[in-house]
Amino acid sequence: MKLLPKWFRRRKPLPVPEAQPSVPTEPPRKVLWHALCETVRGSSHERLGLPNQDAIGWWPAEPDADCFVLTVADGHGSKKSFRSDVGARLAVETAQAALRELLSDPGAVDPSAVKRALDERLPVEIERRWKTAVQEHVAAHPLFVREVAQLDAQQGEGARKAVEENPILAYGTTLLAVAVHETFVACLQLGDGDILVVGDDGAVSRPIADDPRLFANETTSLSGDQSWRDFRASFQSLAGRPPALVMASTDGYSNSFRSAEDFETVGPDFLDLLRTEGVAAVREKLPIWLAEASQKGSGDDVTVGILFLAVPHGHAPIRPGADEHPVSASPQENESPAKAD
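Predicted model only: the values in this text are computed from it and were never measured.

S.K.: Would you take a moment to explain the overall build of the chain for this structure?
M.R.: When helices and strands are counted, the chain shows 9 helices and 10 strands. Residues classed as buried in the chain amount to 54% of the 341 residues present. When the accessible surface of the chain is split by element, carbon and sulfur atoms take 50% of a total near 15,400 Å².

S.K.: Hey, could you run me through the sheet that holds strand S2 (residues 54-59) in this one?
M.R.: Whether parallel or antiparallel, the strands of a sheet pair through hydrogen bonds between backbone atoms. Spatially, the 5 strands line up as an open sheet ordered S2-S3-S4-S5-S8, and their pairing is antiparallel. Since the sheet does not close on itself, it has two edges, and those belong to S2 and strand S8 (232-237), each with one partner. Between one strand axis and the next, the sheet turns by 5 degrees as a mean value, whatever way the strands run. With 6 bridges joining them, S2 and strand S3 (residues 67-74) adopt antiparallel strand pairing. The partner of Trp58 across the bridge, within S3, is Leu70. Packed on one face of the sheet, helix H3 (residues 111-140) meets strand S4 (175-181), strand S5 (184-190) and S8 and runs near 15 degrees to S5.

S.K.: Please clarify how unusual backbone geometry should be interpreted in this entry.
M.R.: Glycine aside, residues mostly have negative phi angles, and peptide bonds mostly take the trans form. Between Trp59 and Pro60 the backbone carries a cis peptide bond, its omega angle lying at 0 degrees. By the secondary structure assignment, Pro60 is in the loop between S2 and S3.

S.K.: Hey, could you run me through the packing of helix H2 (residues 84-102) against H3 in this one?
M.R.: The relative placement of two packed helices is expressed as an angle between their axes plus a distance between the axes. In the contact formed by H2 and H3, the axes pass within 9 Å of each other and the chain directions differ by 140 degrees. Between H2 and H3, the angle is such that the two are oblique. Viewed along their axes, H2 and H3 form a crossing whose handedness is right-handed. On H3, the residues touching Val86, Gly87, Arg89, Leu90, Ala91, Thr94, Ala95, Ala97, Ala98, Leu99, Glu101 and Leu102 of H2 are Val114, Ala117, Arg121, Leu122, Ile126, Arg129, Trp130, Ala133, Val134 and His137. Considered class by class, the residues forming the contact of H2 with H3 number 15 nonpolar, 3 polar and 4 charged.

S.K.: I would appreciate a short explanation of the environment of Leu118 in the present structure.
M.R.: Looking at where Leu118 falls in the secondary structure, it is placed in helix H3. For Leu118 and Ala186, which are 68 residues apart along the polypeptide, the C-alpha to C-alpha distance reads 7.8 Å. If we ignore the near neighbours within four places in the chain, the residues touching Leu118 are Pro123, Ala186, Cys187, Leu188, Ala233, Ser234 and Phe235.

S.K.: Could you clarify how one ought to interpret the packing of helix H4 (residues 145-155) against helix H5 (residues 157-165) in this entry?
M.R.: Between H4 and H5, the shortest axis-to-axis distance is 7 Å and the interhelical angle comes to 145 degrees. Here Val148, Leu151, Asp152 and Gln155 of H4 lie close against H5, whose contacting residues are Glu157, Ala159, Arg160, Val163 and Glu164. Taken together, the residues of the contact of H4 with H5 break down into 4 nonpolar, 1 polar and 4 charged.

S.K.: Where do I start with the sheet that holds strand S1 (residues 33-40) in this structure?
M.R.: Reading across from one edge, S1-S10-S9-S6-S7 is the order of the 5 strands in this open sheet, with antiparallel pairing throughout. Because the sheet does not close on itself, it has two edges, and the strands there are S1 and strand S7 (204-205). In terms of strand pairing, strand S6 (residues 194-198) meets strand S9 (residues 245-249) through 5 bridges, oriented antiparallel. Within S9, the residue paired with Asp194 across the bridge is Ser249. Lying on the sheet, helix H8 (residues 266-276) is in contact with S1, S6, S7, S9 and strand S10 (302-309); it crosses S9 at an angle near 125 degrees. Lying over the sheet, helix H9 (residues 279-296) contacts S1 and S10, oriented at roughly 30 degrees with respect to S1.

What counts, and at which threshold
- Residues numbered from 1 in each chain as written.
- Predicted model: local features only at pLDDT ≥ 70, side-chain atom pairs only at ≥ 80, totals over all residues.
- Heavy atoms only, no water.
- Helix = DSSP H or I, 4+ residues; strand = E, 2+ residues; numbered from the N terminus.
- Buried < 20%, exposed > 50% of the residue type's maximum accessible area, 1.4 Å probe, protein only.
- Areas by Shrake-Rupley, 256 points an atom, 1.4 Å probe, with all protein chains shown as cover.
- Pairing = 2+ DSSP bridges.
- Axes fitted to C-alpha atoms, helices over the stretch in contact; angles between N-to-C directions.
- Contact = heavy atoms within 4.5 Å.
- Parallel < 35°, antiparallel > 145°, perpendicular 65-115°, else oblique.
- Left-handed = near helix turned anticlockwise from the far one by under 90°.
- Nonpolar A, V, L, I, M, F, W, Y, C, P; charged D, E, K, R; others polar.

Everything listed here is a matter of coordinates, which is why it stays silent on function.
Below is the structure:
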């Protein structure tokens, strides 16, 4: 099953651009990052008339910056989590806000303080903010009679009572968060989804360890009790060469491939295309590739966020393309707010 256009697949090792001649009088280039983000509604959701239950957000909105925050969420989409599209949107917003406060002054960021926050404070803070935002949404938009009646008909009285007693369950979602800075890459993950880090030579690594509890359609969730305990974190200091690209995506993308190994080639493929075709070409085709992956693969919503070096280490800048903003347009408001059954 071909999930991407034939020319998209790499046929040989990723070429590393030739280093530019050094100029002694030129100061070292600052590390600048670009963001490229897209989400598409799954083919199965289109057939069933369901919304896109993924959400994605990034900060800042400038074309390039020495610090970027990327957040991706995948609402569960189960019968019990009938408001998970909203839950995913709120997860993206609250996680992004917490990370922005930590990195609001990139020039004064203390990497050791960021690492401590990642390990000790951020998961608790994100859970607290998300559940507060959900409670506020429930207060403003109480559960509809038709919503709980439908749940009762589909899942039984037990499921209905569980949601009536704890409406947060209706908003269940996963969360991926990535912060890149000129001195570090920090990652947080709750539930399924994928984060790939691609080196300048195309080598791929996964910064977040696997969670053995995640299998089939089972996943941990922000709606769980003390969900901060289920976060997994990674912090990488960039004393030497930074990675060329970091990608975060919902499991609708990886589930569209035959194997994890096949999926992991996507990171170097994107890096190769950004270097050879430019940002404008990739930005234009990205929604087409993601829709094709859903149609021929998982059928689920597919969301991808890519952070990549605007000026690769020792190489010419990746070109954004004429009159093109490097950051993809945000998802439509009615499709912003994660997961098919």
